[in-house]
Amino acid sequence: MKLYFTRHGKTEWNQELRFQGMSGDSPLLPTSYEEIKLLGQEIKNVPFKKIFSSTSPRARKTAEGINQELKNPVEIIYTDELKELGLGELEGQSIAEMRKIYSEEMDHMRYQLDKYNPEIFQGEPIEQAISRISAVVDAAVNEGNGPYLFVGHGASLTAAIQSLSGKALSELRSMGGLTNNSLSILETVEDEQFYTLKLWNDDSFLQ
């Protein structure tokens, strides 16, 4: 079974280089709707059974835009479990300004998740984000009848996909982070308990 993953379209805060996180949100850029359409066209013939989306508006609008392009639109299941990594006091703040205050943890978040400790700014442990997203994916696979599409966020989805593919915490950022509206694919074989990464962060169809 193939599992498709995408990060929401680019937002105003993405453009302004502000943290969004689990509770923060900002509108999609006008250009993002065209990119969402292009992504939908890229996968329009995939016979999805369901789409699972974060409840954050930026992800909801992305999921809905993709669904409109599918040859056979499907039910969208919205769940808080696919939300972005909780960033506590960082949410809504300038990334550059927060780097001046929390430079070490910013580096760990981006490059060394095995050393990441967000307690200082009341953030969510990365293990918790991976666990909640993995639970949604595992439940969908156990239900069978895929393929499925999952619409989520940059930091949490990057970590979860790489973790599901078997990488350790220290390796989760080794291939970089997901770009907006990119496509990644995991594949699982019936009766097997592991996932194989078949495609990572492909945005060639947006060019």
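Description of the structure in this document. Just so you know, these numbers come straight off a predicted model, no measurement behind them.

It is worth spelling out the overall build of the protein at this point. Looking only at helices and strands, the protein has 7 helices and 6 strands in total. Ordering the α and β elements of the protein from the N terminus gives β-α-α-β-α-β-α-α-α-β-α-β-β. The globule rule puts the C-alpha radius of gyration for 207 residues at 17 Å, and the 16 Å found for the protein is close to it. Within the span of the protein, comprising 207 residues, buried residues form 52% of the whole.

On to the nonpolar core, then. Counting 20 residues, the largest nonpolar core has Y4, I43, F48, I51, I66 and L149 as its most contacted members. Going through the elements one at a time, α2 (30-42), α3 (57-69), β4 (148-152) and β5 (183-187) are the ones with two or more residues in this core. Sorting elements by how many residues they give to this core places α3 first, with 3 residues. Sequence-distant contacts of Y4, that is, excluding residues within four places in its chain, are made with I43, V46, F48, P147, Y148, L149, F150, L183, S184 and I185.

Read across the open sheet, the 6 strands follow the order β3-β2-β4-β1-β5-β6; overall the sheet is mixed. Of all strands in the sheet, those bounded by a partner on one side alone are β3 (76-79) and β6 (196-202). Ignoring strand direction, the axes of neighbouring strands in this sheet form an average angle of 20°.

Note that S54 resides in strand β2 (residues 50-54). One polar contact links S54 to H153, side chain to side chain, over a distance of 2.8 Å. Sequence-distant contacts of S54, defined by excluding residues within four places in its chain, comprise A59, R60, Y78, T79, L82, K83, V151 and H153.

Further remarks concern the environment of V151. Tracing the backbone through its elements, the reader meets V151 in strand β4. Spatially, the C-alpha atoms of V151 and N181 are 9.2 Å apart, while their sequence positions differ by 30 residues.

P147 follows G146 through a cis peptide bond whose omega is 5°. Its place among the elements puts P147 in the loop between α6 (126-143) and β4. Here the phi dihedral of N145 falls at roughly 60°; this positive angle occurs in a residue that is not glycine. As for its position among the elements, N145 is in the loop between α6 and β4.

In this section: the packing of aromatic side chains. In the structure shown here, the tally under the stated rule is 6 aromatic pairs. Between F5 and F150, the ring centres sit 5.0 Å apart and the planes meet at 15°, which makes this aromatic pair stacked. Taken together, the positions of F5 in strand β1 (residues 2-7) and F150 in strand β4 put the pair 145 residues apart, joining distant regions of the chain. We note that F5, like F150, is buried. Relative to F121, the ring of Y116 lies with its centre 6.4 Å away and its plane at 45°, an arrangement referred to as tilted. Of the two residues, Y116 and F121, both sit in the buried class. Grouping aromatic residues by their ring pairs yields a cluster made of F5, F52, Y148 and F150.

Conventions adopted
- Residues numbered from 1 in each chain as written.
- Predicted model: local features only at pLDDT ≥ 70, side-chain atom pairs only at ≥ 80, totals over all residues.
- Heavy atoms only, no water.
- Helix = DSSP H or I, 4+ residues; strand = E, 2+ residues; numbered from the N terminus.
- Rg over C-alpha atoms; globule rule 2.2 N^0.38 Å.
- Buried < 20%, exposed > 50% of the residue type's maximum accessible area, 1.4 Å probe, protein only.
- Core = buried A, V, L, I, M, F, W, Y, C linked by side-chain atoms within 4.5 Å.
- Contact = heavy atoms within 4.5 Å.
- Pairing = 2+ DSSP bridges.
- Axes fitted to C-alpha atoms, helices over the stretch in contact; angles between N-to-C directions.
- Polar contact = N/O pair within 3.5 Å; in protein donor to acceptor, adjacent residues only side chain to side chain.
- Phe/Tyr/Trp six-rings, centres within 6.5 Å; stacked < 30°, edge-to-face > 60°.

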